[in-house]
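The primary structure of each chain is shown beneath.
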Amino acid sequence: MATGWLCHELYMWHNTGNWAQVFPPGLTVQPGTHAENPETKRRFRNLVEVSGLLNHLVQISPRPATPDEIARVHTREHIAHIKALSDAGGGDASWLTPLGAGSYEIALLAAGGAIAAGEGVVSGEVTNAYALIRPPGHHAQPNLAMGFCLFSNAAVAIRHLQARLGVGRVATVDWDVHHGNGTQAIFYEDPTVLTISLHQENLYPPNSGSISENGTGRGLGFNLNIPLPPGSGAAAYRAAFERVVIPALHRFKPELIVVPSGFDASGVDPLGRMMLSSGAYRELTHLLLSAARELCGGRILMTHEGGYSEMYVPYCGVAVLEELSGVKTHVDDPWQPLMMAWGGQDLQPHQSLVIDKVAALVARIS
Ligand SMILES: [Zn+2]
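Residues numbered from 1 in each chain as written. Predicted model: local features only at pLDDT ≥ 70, side-chain atom pairs only at ≥ 80, totals over all residues. Heavy atoms only, no water.

Turning our attention to the coordination of the zinc ion. The zinc ion binds to the protein through Asp176 (OD), Asp176 (OD), His178 (ND1) and Asp264 (OD); the donor distances cover 2.0 to 2.6 Å. Coordination at the zinc ion is irregular: its four donor atoms span angles of 55 to 155° at the metal. When the donors of the zinc ion are listed by position in the chain, the intervening gaps give D-x1-H-x85-D. Taken together, the residues span a long stretch of sequence, with His178 in the loop between β6 (170-174) and α6 (181-186) and Asp264 in the loop between β9 (256-261) and α8 (278-296) at a distance of 86 residues. (Donors = N, O, S within 2.8 Å, 3.2 Å for Na, K, Ca; no water. Tetrahedral: all angles 85-135°; square planar, octahedral: opposite > 155°, others 65-115°. Helix = DSSP H or I, 4+ residues; strand = E, 2+ residues; numbered from the N terminus.)

Quick look at the packing of α8 against helix α9 (residues 313-325) now. It is at 8 Å that the axes of α8 and α9 come closest, and there the two elements cross at 30°. In terms of their interaxial angle, α8 and α9 are classed as roughly parallel. Remark: the crossing between α8 and α9 carries right-handed chirality. Where α8 approaches α9, its residues Ser278, Tyr281, Arg282, Thr285, His286 and Leu289 are matched on the opposing element by Tyr315, Cys316, Ala319, Val320, Glu322, Glu323 and Leu324. When the residues that make up the contact of α8 with α9 are grouped by side-chain class, the tally is seven nonpolar, three polar and three charged. (Axes fitted to C-alpha atoms, helices over the stretch in contact; angles between N-to-C directions. Parallel < 35°, antiparallel > 145°, perpendicular 65-115°, else oblique. Left-handed = near helix turned anticlockwise from the far one by under 90°. Contact = heavy atoms within 4.5 Å. Nonpolar A, V, L, I, M, F, W, Y, C, P; charged D, E, K, R; others polar.)

This part takes up the sheet that holds strand β8 (residues 223-228). Neighbouring strands of a sheet are bound in pairs by backbone hydrogen bonds; such pairs are parallel or else antiparallel. Spatially, β2-β1-β5-β10-β9-β6-β7-β8 is the arrangement adopted by the eight strands of the open sheet, whose pairing is parallel. Looking at which strands have only one partner, the edges of the open sheet turn out to be β2 (58-59) and β8. In terms of strand pairing, strand β1 (residues 3-6) meets strand β5 (residues 128-131) through four bridges, oriented parallel. From the neighbouring strand, Thr3 faces β5, where its bridge partner is Asn128. Most of the contacts of helix α5 (residues 153-164) go to β9, to which it runs at about 165°, and overall it touches β6, β7 (193-200), β9 and β10 (300-304). (Pairing = 2+ DSSP bridges.)

As far as function goes, none of this settles anything; it's purely spatial.
Have a look at this one:
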């Protein structure tokens, strides 16, 4: 069993400017640092090295995706819009999505990184892989950048693997705290891709990610949203996996599981109000691995999405990588015992109700 690892310094050079958290500066908003900045990713990469884990992972190099590969899931107009803005030195691609000079090429390298890591998994070079790529992708719509996302990295990779490597059914399990609305939109009518998103109820985008969004046409039943109440912790996510995610995967029988992986469901994330610790992310990874081994030879591709706590993202990332690779390092997450002792980490009745409502939809998957 080998675990692939993909990252590139150029990902850190995507410039989101001097926005204040998620808003453009102005006369009443002091310029600051954009929430989606390189630091969380750099520190994740650094801890992978400092932990010694890097020596146990198979390095996979990214290549730029071609515009034709991007066009499998995005409109030519959208691609041209991002290129023009990037060539002109940058700006806001659309609502809440600033970019800088060269961001177009970096976004191609991010989508191409997802492709390369996916090829590593599907070809059998590695059993599973983590692509630490940037800018993120899961909010990007076919014709629209949004939520810091320019191109839908995971979707571009899935379409490429289906078109060129003969992959059939793919399941996505998106544990970013925000709704994976872009991935959902791209595959909404497609029964070959089961899209599952666990997210904080009605966080971002607004009015998106409800249980009733269950797919349409031939894709009816093949999109599952689990909109968990704010304050959900380890046990709520475990219950969502045990009652919805894992049974859905067993019904669907994917050939590959793709995880748009955001660590903004952590207990100290500035943009989310959930309570996952690194240990909780580790447990979710363990549950996915067990299902993947039974269903698809252990094949899992993770593509990096959100996560905005500079201090904490690296611990969540290393925990997931330890689980994927089977290598335990000497790294101890200093938050783990404190966070797991917080009130509300056990399953609450109102959380259980939501999970059971989604569980009732699993039978529609065939
Ligand atoms: Zn997010």
